[in-house]
Amino acid sequence: AQKVTQAQTEISVVEKEDVTLDCVYETRDTTYYLFWYKQPPSGELVFLIRRNSFDEQNEISGRYSWNFQKSTSSFNFTITASQVVDSAVYFCALSEGKAAGNKLTFGGGTRVLVKP
Amino acid sequence: KAGVTQTPRYLIKTRGQQVTLSCSPISGHRSVSWYQQTPGQGLQFLFEYFSETQRNKGNFPGRFSGRQFSNSRSEMNVSTLELGDSALYLCASSLNPTSGEETQYFGPGTRLLVL
């Protein structure tokens, strides 16, 4: 069965520091998709990034970057030069192949607090 | 383009009652999924609908049900409410449910409190 683990429950940083969020996943599928979502206090989950299992290229998008390593089943996410508006709960999620349809399995979330 | 909308945003019910929550997907999106979020269990998948058919179901009792209409709008119903059903219920829509690669976009949620 699929599983997503976010070992860090809360991270507190000062503005402009970098923040790296860890995510480890388990799946038996060879084709799967990984996501990061942000949940501000308003409650809505905001999509940030998506990665396919067959593409291990790591990328940078603005202040966001991610490190996908199949060998260690990890999909870490970094916010560079954090800002107060980055304060939120961040969720890593896994979607498996056809059989699972659009079902997302979420990690427990990491609360990020950015202090001015 | 308008995002996913959910109504009502807040709801208070008492044990034993039933409740219906509504979700309107992003225009053109045909798949709607529902999730329950609680402090204890986190975010859990309830079910997914596409073309008015339930495509996938999570591990929830039969008291939780849903449906989708021809315009892709979806409703979920919880009968015989229990205290443990207090949660944030999130709806997500995606363009097409292919093989799990579709990005799901979430609504603001309905916060249900059962007294």
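All of these numbers come straight from a predicted model, not from anything done at the bench.

## Topic: the overall build of chain A
Then, in step 1: The secondary structure content of chain A amounts to zero helices and twelve strands.
Then, in step 2: Counting from the amino terminus, chain A carries its helices and strands in the arrangement β-β-β-β-β-β-β-β-β-β-β-β.
Then, in step 3: The globule rule puts the C-alpha radius of gyration for 116 residues at 13 Å, and the 14 Å found for chain A is close to it.
Then, in step 4: The dimensions of chain A, computed from C-alpha atoms along their principal axes, are 45 × 30 × 20 Å.

## Describing the state of the cysteines
Then, in step 1: Following the criterion strictly, the structure yields two disulfides over all chains and no others.
Then, in step 2: The disulfide that involves Cys23(A) links it to Cys92(A), with 2.0 Å between the sulfurs. The chirality of the disulfide connecting Cys23(A) with Cys92(A) is left-handed, given an S-S dihedral of about -65°. Remark: Cys92(A) occurs in strand 10 (residues 88–95) and Cys23(A) occurs in the loop between strand 3 (19–21) and strand 4 (24–26); sequence separation between them is 69 residues. Each of the two residues, Cys23(A) as well as Cys92(A), counts as buried.
Then, in step 3: The disulfide partner of Cys23(B) is Cys91(B), and the S-S distance across this bridge is 1.7 Å. Disulfide Cys23(B) to Cys91(B): torsion about the S-S bond roughly -55°, handedness left-handed. Here Cys23(B), found in strand 3 (residues 19–24), pairs with Cys91(B), found in strand 9 (residues 87–94); they are 68 residues apart in sequence, far enough to count as distant. For the pair Cys23(B) and Cys91(B), a shared accessibility class is recorded, and that class is buried.

## Side note on the sheet that holds strand 8 (residues 74–78) of chain B
All names here are of chain B.
Then, in step 1: What the four strands build is an open sheet, ordered 1-3-8-7; its pairing is antiparallel. If you trace the sheet from one side to the other, it starts and ends with strand 1 (5–7) and strand 7 (64–68), each paired once. Strand-to-strand, the axes of this sheet are offset by a mean angle of 20°, without reference to chain direction.
Then, in step 2: As paired strands, strand 7 and strand 8 are joined by five bridges and run antiparallel to one another.

## Quick look at the confidence of the model for chain A
Then, in step 1: Per-residue pLDDT for chain A averages 91, and the proportion of residues at 70 or more is 96%.
Then, in step 2: The secondary-structure element of chain A with the lowest mean pLDDT is strand 7 (residues 60–61) of chain A, recorded at 78, while strand 12 (residues 110–115) of chain A shows the highest, at 98.

## Details of the nonpolar core
Then, in step 1: Residues Leu21(A), Trp36(A), Phe75(A), Phe77(A) and Tyr90(A) are the most contacted members of the largest nonpolar core, which totals 24 residues.
Then, in step 2: Secondary-structure elements contributing two or more residues to this core are strand 2 (10–14), strand 3, strand 5 (33–39), strand 6 (46–52), strand 8 (64–69), strand 9 (74–79), strand 10 and strand 12 of chain A.
Then, in step 3: At four residues, strand 10 of chain A tops the list of elements feeding residues into this core.
Then, in step 4: Sequence-distant contacts of Tyr90(A), defined by excluding residues within four places in its chain, comprise Gln6(A), Leu21(A), Trp36(A), Tyr37(A), Lys38(A), Leu48(A), Phe77(A), Ile79(A), Gly109(A), Thr110(A) and Val112(A).
Then, in step 5: In terms of nonpolar packing, the next biggest core, distinct from the first, is built from 21 residues, Leu11(B), Val19(B), Cys23(B) and Cys91(B) among them.

## Comments concerning the environment of Asp85(B)
Residues and elements named next belong to chain B.
Then, in step 1: Along the chain, Asp85 falls in the loop between strand 8 and strand 9.
Then, in step 2: Of the residues examined, Asp85 reaches a relative accessible area of 4% and is grouped as buried.
Then, in step 3: On a C-alpha basis, the gap between Asp85 and Arg15 in space is 9.4 Å, while along the polypeptide they are 70 residues apart.
Then, in step 4: Look past the residues within four positions of Asp85 in its chain and what remains in contact with it is Gln36, Arg63, Phe64, Val78, Thr80, Leu112 and Val114.
Then, in step 5: There is a polar contact of 2.8 Å between the side chain of Asp85 and the backbone nitrogen of Glu82.

Reading the values: rules and limits
- Residues numbered from 1 in each chain as written.
- Chains lettered and ligands numbered in written order.
- Predicted model: local features only at pLDDT ≥ 70, side-chain atom pairs only at ≥ 80, totals over all residues.
- Heavy atoms only, no water.
- Helix = DSSP H or I, 4+ residues; strand = E, 2+ residues; numbered from the N terminus.
- Rg over C-alpha atoms; globule rule 2.2 N^0.38 Å.
- Disulfide = S-S within 2.5 Å.
- Buried < 20%, exposed > 50% of the residue type's maximum accessible area, 1.4 Å probe, protein only.
- Pairing = 2+ DSSP bridges.
- Axes fitted to C-alpha atoms, helices over the stretch in contact; angles between N-to-C directions.
- pLDDT = per-residue confidence, 0-100.
- Core = buried A, V, L, I, M, F, W, Y, C linked by side-chain atoms within 4.5 Å.
- Contact = heavy atoms within 4.5 Å.
- Polar contact = N/O pair within 3.5 Å; in protein donor to acceptor, adjacent residues only side chain to side chain.

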